[in-house]
Amino acid sequence: MKTKFTIKSVLILPVLIGLVYGMIRIFPSIFSDPYYDDKLFPKIFLPGILIFSFIVLFFGEIRTKYISVEIKKDEIIEKRFFGLQTKSYLFSEIEGWKYSHLSSKGGTYEYLYLYKDNHKIIKISQFYHLNYTDVKNYIESKFKYLGYEKFSYLDELKETFR
């Protein structure tokens, strides 16, 4: 069984590309144009927002949530960064799973976390994965349920930089 991405999740890629393109186009003009010499707002705030947005999208979304998971007979293979980083976990290494809910304007999405040594190792999201329900049902049948975990933006931020 292999996870498949939703159309909504694929839209993050053009946004990330547009953000990088915008930084490449905007930064040189802000710092080289004499018009902006005495204006701090465009020199500090705009680059700060663009860099922060890039970090959140790339390290927070692409690295931790935009992952492909393949479940085989006795192992789970996790692929990050479009398959450039691959990790494999045996079923015997995984302690169990927890889930949580994230509410947003677009709806409420469920997240499923697989744990190893009391740390989240794999995060599967209903927002990012089209076949989330099938994957969750399979995981429920194979691994121990560890309980519900309240969604925390602070934990998400910590995982972004871990």
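Rules behind the numbers
Residues numbered from 1 in each chain as written. Predicted model: local features only at pLDDT ≥ 70, side-chain atom pairs only at ≥ 80, totals over all residues. Heavy atoms only, no water. Helix = DSSP H or I, 4+ residues; strand = E, 2+ residues; numbered from the N terminus. Polar contact = N/O pair within 3.5 Å; in protein donor to acceptor, adjacent residues only side chain to side chain. Patch = residues over 30% accessible without salt bridge, like charges linked within 9 Å, V, L, I, M, F, W, Y side chains within 5 Å. Areas by Shrake-Rupley, 256 points an atom, 1.4 Å probe, with all protein chains shown as cover. Salt bridge = Lys/Arg side-chain N within 4 Å of Asp/Glu carboxyl O. Buried < 20%, exposed > 50% of the residue type's maximum accessible area, 1.4 Å probe, protein only. Pairing = 2+ DSSP bridges. Axes fitted to C-alpha atoms, helices over the stretch in contact; angles between N-to-C directions. Contact = heavy atoms within 4.5 Å.

### Quick notes on the environment of Glu93
Item 1. Here Glu93 shows up in the loop between strand E3 (85-90) and strand E4 (96-104).
Item 2. As a C-alpha pair, Glu93 and Glu75 span 18 residues in sequence and 9.2 Å in three-dimensional space.
Item 3. Among the polar contacts made by the side chain of Glu93, one reaches the main-chain amide nitrogen of Leu90 at a distance of 2.7 Å.

### Some details on a nonpolar patch on the surface
Item 1. A cluster of nonpolar residues, Phe41, Phe45 and Ile49, forms a patch on the protein surface that exposes about 320 Å² of accessible area.
Item 2. By the secondary structure assignment, Ile49 is in helix H3 (residues 40-62).
Item 3. On the accessibility criterion, Ile49 (38% relative accessible area) is partly exposed.

### Details of the pattern of salt bridges
Think of it this way: side chains of opposite charge can pair up when their charged atoms draw near.
Item 1. Going through the model one piece at a time under the given rule, you end up with eight salt bridges.
Item 2. The residue Glu149 makes a salt bridge to Lys98 at a minimum N-O spacing of 3.9 Å. With Glu149 in the loop between strand E7 (145-148) and helix H5 (153-160) and Lys98 in strand E4, the pair connects residues that are 51 residues apart, well separated along the chain.
Item 3. According to the relative accessible area criterion, Glu149 is buried, its value standing at 13%.
Item 4. In this structure Lys98 comes out as partly exposed when scored by relative accessible area, which is 22%.
Item 5. Lys136 is the salt-bridge partner of Glu140, the closest N and O atoms lying 3.9 Å from each other.

### Some words on the sheet that holds E4
The strands making up a sheet associate through hydrogen bonds between their backbones, and the pairing can be parallel or antiparallel.
Item 1. Taken in spatial order, the four strands make up an open sheet running E6-E5-E4-E7, and their pairing is mixed. The two strands at the open ends of the sheet, each matched to only one other strand, are strand E6 (119-125) and E7. Along the sheet, successive strands turn relative to each other by an average axial angle of 25°, direction set aside.
Item 2. By the bridge criterion, three bridges tie E4 to E7 in an arrangement that is parallel. Directly across from Trp97, in E7, lies its bridge partner Tyr145.
Item 3. Contacts between helix H4 (residues 132-142) and the sheet are confined to E4, strand E5 (107-116) and E6, with E5 contributing the most and set at about 35° to the helix.

By themselves, these figures tell us nothing about what the structure is for.
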